[in-house]
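Residues per chain are reported as follows:
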Amino acid sequence: MNLESLALLELIESRGSFAAAANALNKAPSAITYQLRQLEDSLDLLIYDRTGHKAQLTPAGKVLLEEGRRLLAQSEELKQRVKATASGWESELRIVIDGLIPFEKMIPWIQAFDQACSGTRLRISQEILSGTWEALYSGRADLLIGTHLDQNQFAANTGLNIQKLGKAQLVFAIAPDHPLAQEPEPISNETLARHRAVAVGDTSRQFKPLTFGLQSGQHVLTVPTLLAKVEAQLAGLGTGWLPWHLIKDLVAQGKLVTRKTEDTYRESPLCFAWQRNKRGNALAWWTDYLRGCSLNLAEDASGNV
């Protein structure tokens, strides 16, 4: 069995008959029949039932056609990827994004990349805080899109290119029936420390985990994602800082309230980064494209902070 035989089987079914397939290949019908019988002999099974007026696929033939179509598609994809790699396009580009980055913001970027018809597969993963940078440093990711985290101070020593992308705004949010909702503003850090906070766990494996907005000695509920953090705070399980773009509708609906604290305003700078020694057309496309993008998640929340 080879790809040529599978392609013949696909052609017969798509054209509707042996004769139509033969005409498409500019061959005699007998040549098509001979090639098909060779395939049946090699597999020791009947692909077509010829007892009726028109040859019909046997159950085994139907399975062969279905799986053959899948193999033909994979073969074509492999051929295109090999050609792309030979011309400088990576077979796969691994992009790690911070949990703060809404995936829907990336959809137009991916659609623009698809127009390049590069054949490069995109593998997008998500990490939290230091986990994104660890993925880039360790080589598990080729491109980082996330929070800046002051990495620029040692970027020169680690061989990274870091470019600004935008900013996000964080606000202190709680459930309306939480005890802190009745505290006079600004709420002191000492008062915050008496109540449990909700934090998203840093996903780094080797780097020192980072925490933000926590008070010394404060009880903490650690959750896996920002969405889980929002749900926990909606349920009154704790307090904490949340991205304004993620909760503005919940605040408008009265399901969360924002409060002033001693740290009244927080912005998180966003960036994209990659290793200087990395080469490839796909990485070059993304870094060039992102230079022209601005991801502004710091919408005006001054009336709600």
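The rules behind these values
- All chains use their own residue numbering, which begins from 1 and follows the written sequence.
- Local features in a predicted model are, by the rule used here, given only for residues with pLDDT of at least 70; side-chain atom pairs are given and counted only at 80 or more, and totals for whole chains, interfaces and linings are based on all residues.
- Water and hydrogen atoms were dropped before computing side-chain values, which therefore reflect all heavy atoms in the structure.
- The angle between two axes is taken between their N-to-C directions and runs from 0 to 180 degrees, where each axis is a line fitted to C-alpha atoms and a helix contributes only its stretch in contact.
- Counting from the N terminus, the helices are the DSSP runs of H or I reaching at least four residues and the strands are the DSSP runs of E reaching at least two.
- Take the far helix as the reference: if the near one is turned anticlockwise from it by less than a right angle, the crossing is left-handed, and if turned clockwise, right-handed.
- The contact criterion used is simple: two residues touch if any of their non-hydrogen atoms lie within 4.5 Å.
- Residue type decides the class: Asp, Glu, Lys and Arg count as charged, Ala, Val, Leu, Ile, Met, Phe, Trp, Tyr, Cys and Pro as nonpolar, and the leftover types, Gly among them, as polar.
- Residue burial is assigned from relative accessible area. The probe radius is 1.4 Å, only protein chains are included, and a residue is buried under 20% of its type maximum, exposed over 50%, and partly exposed in between.
- Along the arc lie the directions from the helix axis toward the C-beta atoms.
- Among the buried residues, those of types Ala, Val, Leu, Ile, Met, Phe, Trp, Tyr and Cys that are joined through side-chain atoms within 4.5 Å form a nonpolar core.
- Two strands pair if DSSP finds at least two bridges between them.
- Seen with the strands pointing away from the viewer, any crossover whose path from the first strand over the helix to the second strand runs clockwise is right-handed.
- pLDDT is a residue-level measure of predictor confidence that goes from 0 to 100.
- Only Phe, Tyr and Trp rings are paired, with Trp represented by its six-membered ring, and only when their centres lie within 6.5 Å; those with planes under 30 degrees apart are stacked, over 60 edge-to-face, the remainder tilted.
- Any pair of nitrogen or oxygen atoms within 3.5 Å is treated as a polar contact; in protein, a donor-acceptor pairing is required on top of that, and neighbouring residues in sequence qualify only through side-chain atoms on both sides.
- The patches reported here contain residues having more than 30% relative accessible area and no salt bridge. Joining distances are 9 Å for like charges and 5 Å for nonpolar side chains (Val, Leu, Ile, Met, Phe, Trp, Tyr).
- Residue-level accessible areas treat just the shown protein chains as cover; the underlying method is Shrake-Rupley with a 1.4 Å probe.
- By definition, a salt bridge exists where a carboxyl oxygen of Asp or Glu is found within 4 Å of a side-chain nitrogen of Lys or Arg.
- Here is the rule for angles: anything less than 35 degrees is roughly parallel, anything more than 145 is roughly antiparallel, 65 through 115 is roughly perpendicular, and the remaining ranges are oblique.

A description of the packing of helix H1 (residues 3-15) against helix H2 (residues 18-25) should follow, citing residues and the corresponding values.
Helix packing geometry: the angle between the two helix axes and the distance between the axes. H2 packs onto H1 with a crossing angle of 115° between their chain directions and a minimal axis gap of 8 Å. The two elements H1 and H2 cross, and the hand of that crossing is right-handed. Two secondary-structure elements touch here, H1 through Leu-8, Leu-11, Ile-12 and Arg-15 and H2 through Phe-18, Ala-20, Ala-21, Ala-24 and Leu-25. Here the contact of H1 with H2 is composed, by residue class, of eight nonpolar, no polar and one charged.

An account of H2 is requested, with residue identities and associated values reported.
The set of residues buried in H2 consists of Phe-18, Ala-21 and Ala-22. Down the axis of H2, the sector holding all buried residues measures 100°, keeping them to one side. Packed against the buried residues of H2 are H1, helix H3 (29-43) and strand S1 (48-49). At the exit of H2 stands Asn-26, carrying a positive phi of roughly 60°.

Could you give an account of helix H5 (residues 107-114), naming the residues involved and the relevant values?
Residues of H5 that are buried: Trp-109, Ile-110 and Phe-113. Down the axis of H5, the smallest arc covering the buried residues is 95°, so these residues share one side. Tucked inside the fold, the buried residues of H5 contact strand S4 (121-127), strand S5 (143-147), strand S6 (160-174), helix H11 (281-291) and strand S12 (295-297).

Now, about the nonpolar core: what can you tell me, with residues and values included?
Among soluble globular proteins, nonpolar side chains are generally buried collectively. The biggest cluster of nonpolar side chains holds 51 residues, and the ones touching the most others in it are Trp-109, Leu-143, Ile-145 and Trp-286. The leading source of residues in this core is S6, at seven residues. Discounting residues that sit within four places of it in the chain, Trp-286 has contacts with Leu-93, Ile-95, Met-106, Trp-109, Ile-110, Phe-113, Leu-122 and Leu-143. With 16 residues, the next largest nonpolar core counts Ala-21, Ile-47, Tyr-48 and Leu-65 among its residues.

Summarise the pairing of strand S9 (residues 240-243); cite the residues concerned and give the values.
The alternating pattern of S9 places Gly-240 and Leu-242 on one face and Trp-241 and Pro-243 on the opposite face, and all of these are buried. Sheet analysis places S6 next to S9, joined by four bridges and oriented antiparallel. The partner of Leu-170 across the bridge, within S9, is Pro-243.

Which residues make up the pairing of S4, and what values go with them?
Two strands pair when backbone bridges link them, and strand S3 (residues 92-98) and S4 are joined in this way by seven bridges, in the parallel orientation. Opposite Glu-92, over in S4, you have Arg-121 as the bridge partner. Handedness of the β-α-β unit built from S3, H5 and S4 comes out right-handed.

Give me the lowdown on the confidence of the model for the protein, citing residues and values where you can.
Mean pLDDT over the protein: 87, with 92% of residues reaching 70 or higher. Here helix H7 (residues 155-158) stands out as the element of the protein with the lowest mean pLDDT, 58, in contrast to H5, whose mean of 96 is the highest. Counting interchain partners and residues more than four positions distant, the pLDDT-below-50 stretch residues 300-305 has 13 contacts.

Give me the packing of aromatic side chains: which residues, what numbers.
Following the criterion strictly, the structure yields nine aromatic pairs and no others. Taking 5.8 Å as the distance between ring centres and 45° as the angle between the ring planes, the aromatic pair formed by Phe-113 and Trp-286 counts as tilted. In this pair, Phe-113 sits in helix H5 while Trp-286 sits in helix H11, placing the two residues 173 residues apart along the sequence. When the centroid spacing of 4.7 Å and the interplanar angle of 10° are considered together, the rings of Trp-285 and Tyr-289 count as stacked. Taken together, the residues Trp-285 and Tyr-289, both in helix H11 and four residues apart, mark about one turn of the helix. For Tyr-289, a relative accessible area of 29% corresponds to the partly exposed category. Following the ring pairs from residue to residue traces out a cluster consisting of Trp-89, Phe-113, Trp-285, Trp-286 and Tyr-289.

Talk me through the side chain of Gln-275; I want residue IDs and the actual numbers.
Structurally, Gln-275 is set in strand S11 (residues 266-275). The class of Gln-275 is buried, set by a relative accessible area of 13%. A polar atom in the side chain of Gln-275 sits 3.4 Å from the backbone oxygen of Tyr-137. Gln-275 has contacts with Leu-136, Tyr-137, Gly-139, Gly-159 and Leu-160, leaving out every residue within four places of it along the chain.

Kindly report on a nonpolar patch on the surface, identifying the contributing residues and their values.
Nonpolar side chains collect at one region of the surface, where Phe-103, Ile-107 and Ile-124 lie side by side and expose about 230 Å² of accessible area between them. Positionally, Ile-124 belongs in strand S4. Given a relative accessible area of 30%, Ile-124 falls into the partly exposed group.

Any chance you could break down the packing of helix H9 (residues 226-234) against helix H10 (residues 244-252) for me, citing the residues and the numbers?
Running from N to C, H9 and H10 point in directions that differ by 25°, and their axes come no closer than 11 Å. As summarised for this structure, H9 and H10 are arranged roughly parallel, according to the angle between their axes. The way H9 lies across H10 gives a crossing that is right-handed. Counted together, Leu-226, Leu-227, Val-230 and Leu-234 of H9 and Leu-246, Ile-247 and Leu-250 of H10 form the full contact between these two elements.

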